[in-house]
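Spelled out from the first residue to the last, the chains are:
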Amino acid sequence: MKPSIPKGTRDFGPAVVNRRNYIFDTIRTVFVKYGYQAIETPVLENLATLTGKYGEEGDKLLFKVLNNGDFLQKANREALAAGDSAELLPSIADKGLRYDLTVPFARFVVMHQNELAFPFKRYQIQPVWRADRPQKGRYREFYQCDADVVGTNSLMNEAELVQIYDEVFQKLGVEVEIKVNNRKILYGMAEAAGIASQFMDMTIAIDKLDKIGIEGVRREMERKGIPSAAVDRVEEMLAVKTLSPLKTLMADSETGLRGIAELEEFHRYFYTYPAGNAVVFDITLARGLNYYTGCIFEVKAKKVEIGSIGGGGRYDDLTGVFGLKGVSGVGISFGADRIYLVMEELELFPDRLTDSLQVLLVAFDVATHTYAFRCLQQLRSAGINAELYPEPAKLKKQMKYANARSVPYVVLIGEDEMKRGELTLKNMATGAQDQRDLAAIIAELSA
RNA sequence: GUGAUUGUAGCUCAGUUGGUUAGAGCGCUGGAUUGUGGUUCCAGAGGUCGCGGGUUCAAAUCCCGUCUUUCACCCCA
């Protein structure tokens, strides 16, 4: 048979994994610096945990896992006979692949609430799965890097999380714009326009603003049956670029005012920090995941068109659905796969990554090969990533291999070198070479 | 999920209105070069033209299905 892998999944070769790890390591380092601790959760969750958390669209994109054993015996016969997949599903699948890391985290917090110290800050770097139609930068299996904190309402957390965004993208050299908004402000808009019941319709339309323009948003809202007077009011508020005019525009909406106050509080914390990237209030930022209730964030790369490379926000009651009330959480997510594409396109990866081979030893014959093997061990003891070509093959062959591995240095070991105890160190980039003893070589390579 | 799009050597791609033995560059293997890769020269290997079916005397080329890629919508990282 011809080997293949499922749609929207990918293999990663050594060079790619090396670069991906560079991204993961950078993110991880910053997470840890801000006090977040790692956890991991299973790939598989109970479908009951996942369904209903991501809206109707999200439910459709959940990967369901067929029950083991003779599952048809327990299947809903009527639904099966009628060909009703939706009805049949609960009787044949009770597990699914995780869709994000936030919902499993909420589940984790509830299950382990007695073992955790609150506020609890955790980070998690694991793959998630969505049964979406793949495109560039959109896969069915992709990695998320999440940091969330639960058990604190302080807006300081929002400020810190945006700092993390800023710091990570500065370290990676990716210029970004970090958009900030507050779900309560969006709700305030709906209330001020007298269409609180059509909050979601309004939000979905607004979210498309940069794609379809203000006229498109108007049409979309009118199509959903929002009266044109209300649409006018919404449009008026959408034009606002700062918080202060909103206070009068949504003076009657208690929720809206609270949202404004929250963003102001966020700003008081955040602007104590010298951000390297643009952090902007964007009233049109909506975000689809409907569990968000407070501040929301989204990160866009400035020089590459690829959709958002990070997103997050505050969710007041995500643990509530699992039976733990009154625990508020806020978190952010990095889309590692999209960040990779951005960095690839902008050629931002360092030439030499830390976990690559530093030196290849080349021996000329059987006698020097065992001698070289001893040298190899000393290099490794000194913490140098080193490799000896496994047999004393023709020099040309070994050198070609060194080239293919793009090793910066090669150590040549022949009879002369072995007798004198001085090995030939060759710089592969310049072609220069000279004789040194092993200690000098170790010193050079450790530099 | 809806509508398009893509697939030819390891990679990037040619391949005429359907016509005999499907090509190039790069890469790969061997040699020129018995202690030196990345340059040069010579030689060589490598393809069920995504897969399955159909039309035709004849299909990489046309038709249908399917898988994959990419794109728009939807949604999102």
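Residues numbered from 1 in each chain as written. Chains lettered and ligands numbered in written order. Predicted model: local features only at pLDDT ≥ 70, side-chain atom pairs only at ≥ 80, totals over all residues. Heavy atoms only, no water.

Draft legend 1. Examining the overall build of chain A more closely. Each helix and strand in chain A was counted, giving 18 helices and 16 strands. Taken against the 2.2 N^0.38 rule, which gives 22 Å for 447 residues, the C-alpha radius of gyration of chain A at 28 Å runs more than 25% over that of a compact globule. Along the first, second and third principal axes, the C-alpha atoms of chain A reach 90 × 60 × 45 Å. Burial analysis of chain A (447 residues in total) assigns 49% to the buried set. Of the charged side chains in chain A, 56 are positive and 60 negative; the average position of the first set lies 4 Å away from that of the second. (Helix = DSSP H or I, 4+ residues; strand = E, 2+ residues; numbered from the N terminus. Rg over C-alpha atoms; globule rule 2.2 N^0.38 Å. Buried < 20%, exposed > 50% of the residue type's maximum accessible area, 1.4 Å probe, protein only. Lys, Arg positive; Asp, Glu negative; His and termini not counted. Charge placed at Lys NZ, Arg CZ, Asp CG, Glu CD.)

Draft legend 2. The sheet that holds strand β14 (residues 409–413), seen in detail. Strand order in the open sheet made by the five strands is β13-β12-β14-β15-β16, with mixed pairing throughout. Both outer strands of the open sheet, β13 (386–388) and β16 (433–436), are each paired with one neighbouring strand and no more. Here the average twist between neighbouring strands, direction ignored, is 25 degrees. As paired elements, strand β15 (residues 423–427) and β16 share four bridges and run antiparallel to each other. The partner of K426 across the bridge, within β16, is Q433. Sheet strands touched by helix α15 (residues 366–381): β12 (359–363), β13, β14 and β15. Its angle to β13, the strand with the most contacts, is close to 170 degrees. Against the sheet, helix α16 (residues 395–404) touches β12, β13, β14 and β15, its axis set at about 175 degrees to β12. (Pairing = 2+ DSSP bridges. Axes fitted to C-alpha atoms, helices over the stretch in contact; angles between N-to-C directions. Contact = heavy atoms within 4.5 Å.)

Draft legend 3. Focus on the side chain of T49. You can see T49 is positioned in helix α2 (residues 47–50). The contacts of T49, once residues within four sequence positions are left out, are V103, R107 and F322.

Draft legend 4. Structural view of the sheet that holds strand β2 (residues 44–46). Spatially, three strands are ordered β2-β4-β3 in an open sheet, and the strand pairing comes out antiparallel. A strand with exactly one partner marks an edge of an open sheet, and here the two such strands are β2 and β3 (64–65). Bridge count between β3 and strand β4 (residues 95–97): two bridges; the pairing is antiparallel. The residue bridging V65 from the neighbouring strand is K95, located in β4.

Draft legend 5. Examining the domain arrangement of chain A more closely. Taken as a whole, chain A is organised into domain 1 (14–45 + 54–61 + 99–345), domain 2 (63–97) and domain 3 (359–446). Centre-to-centre separation of domain 2 and domain 3, based on C-alpha positions: 61 Å. (Domains from an automatic or database assignment.)

Draft legend 6. Highlighting the protein's contact with RNA strand B. In the vicinity of RNA strand B there are 40 residues, among which K136, R138, S308, R338 and E417 approach most closely. For RNA strand B, the backbone makes up 50% of the atoms found within 4 Å of the protein, where backbone means sugar plus phosphate. K208 places a side-chain nitrogen or oxygen 2.9 Å from a phosphate oxygen of RNA strand B. Within the contact set of RNA strand B, a sugar or linking oxygen lies 2.3 Å away from a side-chain nitrogen or oxygen of R338. Elements with a minimum of two residues in the surface near RNA strand B: β6 (141–150), β10 (308–315), α16, α17 (415–420) and β15. Of the residues assigned to the surface near RNA strand B, the class counts are eleven nonpolar, eleven polar and 18 charged. (Near = heavy atom within 4 Å. Polar contact = N/O pair within 3.5 Å; in protein donor to acceptor, adjacent residues only side chain to side chain. Nonpolar A, V, L, I, M, F, W, Y, C, P; charged D, E, K, R; others polar.)

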